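Structural characterization, general
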Amino acid sequence: MATSELSTMASGLLRPQASPAFIAPIHGSTDSNSATTGLAATSWEHPPSFYCPISQQCMHDPVVLADGHTYERRHIERWLGDHSTSPVSGLQLPPVTFFSNHALRNAIEEYFQQVFSVHRRAIRKTMESAEGFSNSALLRTVDALMQCSLLIGSDLSTESMLRQMMDEAKQLLGADVASVFLVDAATKELVSSVNSTNEVLRIPISTGIAGHVASTGEPLVIKDVYNDPRFNRAVDKKLGYRTRSMICVPLKAKKCDVIGVAQIINKVRISCIDPVTSRSSNFCPPDAGEEELSFSADDLKFLQVFATQAAAAVAASSAPKDAPPPQILAQSSEIAVKPSHKVSDAETSNAALPAATTEILRLSLQSWELDTLTLAAETGDRPLSTLGTYLFDAVGLVDHFGLDRAKLRAFLLEIERGYEATQGGAAPYHNRAHAAAVLHGMHVLVHHCSLAQVAARTFQSLEQESEESLADGSGKLESMACLLAAAVHDYEHLGLNNDFLVKTGHERAIRHNDHNVNENHHAAAAFALLRKTELNFLDVLPRKAFIRLRRLVIELVLGTDMARSGFIIESFTKNLASSSDAQVCFQPKNANEAVLLLQMGMKCADLGHLTLPWGLHCSWVRRLEAEFFAQGDKELEHGLPISFLMDRRKPGASETQLGFFDFAVLPLFRVLCRAVPGALPLLSRVQVNYVAYGGALPAESEAHAETAGVQSALEELPVVAAQENNSRSRCRRFWMCLRHQRSSPSETE
């Protein structure tokens, strides 16, 4: 269908005669029955061609398939991962090719822009009418706009829907910033991914203005927040922003439980709901400066009604949306299908994931921890490709760079094949679940602690041609480099350390001249896969951007060699010591310092099992011990001295963790947290496990740990019996020597 035809259809639907009852309020009708009928969003039938045949939801990225039908890109990609037939006709498809339907996408956008314009005029008319501020009349107009927002966002995440809604509220009220915080009952925090920082913000539910509203359920209009003792100025200082005024209202579920808060900040212009002659004493003429504008009681009433609808949207969004409609399922069940590409049944697409897997992935986006062993069991041992495709999409990398989802997934599947199976493989520790765990650990540091953005600001200041190298300070390229490095960091690991490969003259050691043997292979072999067209999801990047990303990935992977830990920690500590001003977050002064910061994050992610709950951590230590003992057996076969911790006849990794914590783990996490205070939850969990092993925290650490919640967690943990003194001393001597090494001898994890 041509753009002109769709535009004609859209404009026809918007004409008063096409839907007179709906448009009536715009022409000044105050009849409540007319308004009720007119503003019911369900009475407005949107063009059927805007809906994906698979999801039955409005499309955002429509593509045309060889069967002549148009689909939402991500849904047809998932379908084609399992089928070689049309989801509509059931007919066999030629080799899969589809192309973007730009005309339809533009028409959908133009159409809904006009629809929203109608809704906004209806809201303004309601506010100007004699009954304008009765909740029932306002509710009807806002409900119509909200239903339209829900329609557009119905195939997107809750975050996307709320962002769409709050953008509307911000525009209608003339605000500068709009955000939503949702209650996390488990952690007793307010969590926001819908805000102006593009970061996930977490604050205690009992503090601040938002915390007060969430705790009491009372809305607030504050004309000067700096005179309110509940306001935390540190946030403004960190962001370089000046908050002046604010409205904060609760989001309440049907049972009147507060599930979150919505807030708008700084009125910067006359809103579209302000009538020409305002009933608010705070009304200012259009040329008034920002300092003269402030939110009114009418603005509060509007946002409260808006919040009621937003809360309903949050509740409604918990329903599953990815299942194909019944007619599609019934049709496909009668058709003999075969995979359209050569992968095993266990490696088909993420379509129709079990509810348990979907929930694990949803939680992984916000949680500080992830049980990748369970994820592996739930996904048929595809934890890395499943988590990887989800995170690249969820954090916006696919959309930002225009990545080919099919190529991305094919690449991650190929990388996953290069890791040993989680259960029964030759490498009990360096396997698919470990790769997924490091990927999630890096995601936590990049997106919860802004690690990539901090480094990106430094890279931006140094790059002269930022347009081609994508050194724009957004942190997107750096984020992708971090996640990619985490995914490939142990690619094709043999379960054998560098020292063994060098001593046995392994081909990898010969190829890489005995230097960082494993790490050099992981990076080189992973990038070699990108030479295959069907796997090169990075082919959309400008040449300079790809070169910059490649260099960063290589540095991060090489930095995971435990033999380099001492050098990296020592160098980074010196950088911190030379930092002149006490900043909230360390800002590197040059590219080397920025790379070191990311390497520190990568090393912490690589040791992520140390931050997990006690039971999970111990299961990973047992896996590591089994892998060490297997290498010790091979060393015995080759007539080599058995390496430390690898002799079955002596204490293994599970019995010698204290020295590892003392001389490798705690220094690493403590130095990172000095630079990035947002990573303190990770350190607190490391300290919990350290004390459980029998370690003693220094006095200053105990005080610090208590604030991080360590003390309460310790009360529920058994304390492991201390090892014999001679074993502990030997262990500590080994880790102390390893910490100060510069070459690449035996590695441990």
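Described below are features of the structure shown in this document. (Residues numbered from 1 in each chain as written. Predicted model: local features only at pLDDT ≥ 70, side-chain atom pairs only at ≥ 80, totals over all residues. Heavy atoms only, no water.)

Helical periodicity: at 3.6 residues per turn, an α-helix aligns residues three or four positions apart in one direction. Compared with the 18 Å implied by 1.5 Å per residue over 13 residues, the 19 Å span of helix α29 (residues 680-692) between its first and last C-alpha is a close match. α29 sits mainly inside the fold: 10 of its 13 residues count as buried. Phi turns positive one or two residues past the end of α29, at Gly-694, with a value near 110 degrees. (Helix = DSSP H or I, 4+ residues; strand = E, 2+ residues; numbered from the N terminus. Expected span 1.5 Å × (residues − 1). Buried < 20%, exposed > 50% of the residue type's maximum accessible area, 1.4 Å probe, protein only.)

For the rest of this paragraph, the subject is the side chain of Glu-72. Topologically, Glu-72 is positioned in strand β2 (residues 70-72). Despite its burial, Glu-72 pairs with no opposite charge; the closest candidate is Arg-74, at 4.9 Å N-O. Side-chain polar atoms of Glu-72 contact the backbone nitrogen of Asp-61, separated by 3.0 Å. (Lys, Arg positive; Asp, Glu negative; His and termini not counted. Salt bridge = Lys/Arg side-chain N within 4 Å of Asp/Glu carboxyl O. Polar contact = N/O pair within 3.5 Å; in protein donor to acceptor, adjacent residues only side chain to side chain.)

Turning to the sheet that holds strand β4 (residues 175-184), a few remarks are in order. Spatially, β6-β5-β4-β9-β8-β7 is the arrangement adopted by the 6 strands of the open sheet, whose pairing is antiparallel. Edge positions in the sheet fall to β6 (201-204) and β7 (220-222), since each of these pairs with one other strand and no more. Shown here is a sheet whose adjacent strand axes are inclined to one another by a mean of 20 degrees, direction ignored. Sheet strands touched by helix α8 (residues 208-216): β5 (189-194), β6, β7, β8 (246-252) and β9 (258-267). Its angle to β8, the strand with the most contacts, is close to 35 degrees. (Pairing = 2+ DSSP bridges. Axes fitted to C-alpha atoms, helices over the stretch in contact; angles between N-to-C directions. Contact = heavy atoms within 4.5 Å.)

Glancing now at the packing of helix α18 (residues 451-462) against helix α26 (residues 591-606). Close contact between α18 and α26 brings their axes to 9 Å; oriented N to C, the two are set at 165 degrees. Relative to α26, the element α18 is oriented roughly antiparallel. Here α18 and α26 pass one another in a crossing that is left-handed. Here Leu-451, Ala-452, Val-454, Ala-455, Thr-458, Phe-459 and Leu-462 of α18 come into contact with α26, specifically with Ala-591, Ala-594, Val-595, Leu-597, Leu-598 and Gly-601. (Parallel < 35°, antiparallel > 145°, perpendicular 65-115°, else oblique. Left-handed = near helix turned anticlockwise from the far one by under 90°.)

Here 3 strands make up an open sheet; going across it, the order is β2-β1-β3 and the pairing antiparallel. Only two strands of the sheet have a single neighbouring strand rather than two, namely β2 and β3 (99-100). In this structure, strand β1 (residues 62-64) lies alongside β2, joined through 3 bridges in antiparallel fashion. Looking across to β2, one finds that Val-64 is bridged to Thr-70.

Secondary-structure assignment places Thr-372 in helix α13 (residues 372-378). Ignoring anything within four residues of it in the chain, the contact list for Thr-372 reads Pro-383, Ala-433, Ala-436, Ala-437 and Trp-620.

Turning to unusual backbone geometry, a few remarks are in order. Phi is positive for Asp-381, which is not a glycine, with a value near 60 degrees. Looking at the element boundaries, Asp-381 is found in the loop between α13 and α14 (383-394). Residue classification places Asp-381 among the buried positions, given a relative accessible area of 15%.

Here we come to the packing of helix α23 (residues 517-529) against helix α24 (residues 543-558). Each packed pair of helices is defined by two parameters, the angle between the axes and the distance between the axes. Packing of α23 against α24 brings their axes to within 8 Å, and their N-to-C directions diverge by 150 degrees. For the element pair α23 / α24, the angle class is roughly antiparallel. As for the relative orientation of α23 and α24, their crossing is right-handed in sense. On the side of α23, the interface is formed by Glu-519, Asn-520, His-522, Ala-523 and Phe-527, while α24 contributes Phe-546, Arg-550, Val-553, Ile-554, Val-557 and Leu-558. Split into classes, the residues belonging to the contact of α23 with α24 amount to 7 nonpolar, 2 polar and 2 charged. (Nonpolar A, V, L, I, M, F, W, Y, C, P; charged D, E, K, R; others polar.)

Formed by 103 residues in total, the largest nonpolar core has its most connected members in Phe-411, Met-480 and Phe-537. Examining the composition of this core, we find that 12 residues originate from one element, helix α28 (residues 657-675), more than from any other. Sequence-distant contacts of Phe-411, defined by excluding residues within four places in its chain, comprise Leu-484, Val-488, Ala-526, Leu-529, Leu-530, Leu-535 and Phe-537. Core analysis: the next-biggest nonpolar cluster, separate from the first, contains 24 residues, Val-180, Val-194, Ala-310 and Val-314 among them. (Core = buried A, V, L, I, M, F, W, Y, C linked by side-chain atoms within 4.5 Å.)

Further remarks concern the pattern of salt bridges. Taken as a whole, this structure holds 19 salt bridges when the rule is applied. Close ionic contact of Arg-73 with Asp-61 constitutes a salt bridge, the shortest N to O distance being 2.7 Å. You can see Arg-73 sitting in helix α4 (residues 73-82) and its partner Asp-61 sitting in the loop between α3 (32-38) and β1, a full 12 residues away along the chain. Of the two residues, Arg-73 and Asp-61, neither departs from the other in class, the shared state being buried. Two residues, Arg-417 and Glu-414, come together in a salt bridge whose shortest N-O distance is 2.4 Å. Separated by 3 residues within a single helix, Arg-417 and Glu-414 lie in helix α16 (residues 405-417), roughly one turn from each other. By relative accessible area, Glu-414 is classed as partly exposed at 23%. In the salt-bridge network here, residues are joined through shared partners; they are Asp-184, Glu-189 and Arg-202.

Quick look at the environment of Leu-535 now. Mapped onto the secondary structure, Leu-535 falls in the loop between α23 and α24. A residue is classified by how much of its surface remains accessible, and Leu-535, at 6% relative accessible area, is buried. Sequence-wise, Leu-535 and Leu-413 are 122 residues apart; in three dimensions their C-alpha atoms are separated by 9.6 Å. Those residues in contact with Leu-535 that sit more than four places away from it in its chain are Lys-407, Ala-410, Phe-411, Glu-414, Leu-529 and Leu-530.

We now examine the packing of aromatic side chains. Applying the stated criterion to the full structure yields 9 aromatic pairs. When the ring of Phe-392 is compared with that of Phe-537, the centres are 6.1 Å apart and the planes differ by 85 degrees; the resulting orientation is edge-to-face. With Phe-392 in helix α14 and Phe-537 in the loop between α23 and α24, the pair connects residues that are 145 residues apart, well separated along the chain. The buried category is assigned to Phe-537, whose relative accessible area is 1%. An angle of 25 degrees between the planes, with centres 5.8 Å apart, marks the rings of Phe-661 and Tyr-690 as stacked. Of this pair, Phe-661 sits in helix α28 while Tyr-690 sits in helix α29, placing them 29 residues apart in sequence. Residue class for Tyr-690 comes out buried when judged on its relative accessible area of 5%. An aromatic cluster of at least three residues, connected via ring pairs, comprises Trp-614, Phe-661, Tyr-690 and Tyr-693. The ring of Tyr-226 has Arg-242 lying over it, and the distance from NZ or CZ to the ring centre is 3.9 Å. Just above the ring of Phe-527 sits the side chain of Arg-550; from NZ or CZ to the centre is 4.9 Å. (Phe/Tyr/Trp six-rings, centres within 6.5 Å; stacked < 30°, edge-to-face > 60°. Lys NZ or Arg CZ within 6 Å of the ring centre and 35° of its normal.)

If you check α14, its first and last C-alpha atoms are 16 Å apart, about what 12 residues at 1.5 Å a residue would give, namely 16 Å. Taking burial as the measure, the 12 residues of α14 include 9 buried ones, the bulk of the element. For α14, every residue scored as buried is listed here: Pro-383, Leu-384, Ser-385, Thr-386, Leu-387, Gly-388, Thr-389, Leu-391 and Phe-392. Positioned one or two residues after α14, Gly-396 has a phi angle of 90 degrees, which is positive.

Looking now at the environment of Ser-654. Relative to the helices and strands, Ser-654 resides in the loop between α27 (614-637) and α28. Expressed as a C-alpha distance, the spacing of Ser-654 and Val-621, which sit 33 residues apart in the sequence, is 5.9 Å. In contact with Ser-654, other than residues within four places in its own chain, are Val-621, Glu-625 and Tyr-693. At a separation of 2.7 Å, a polar atom in the side chain of Ser-654 contacts the side chain of Glu-625.

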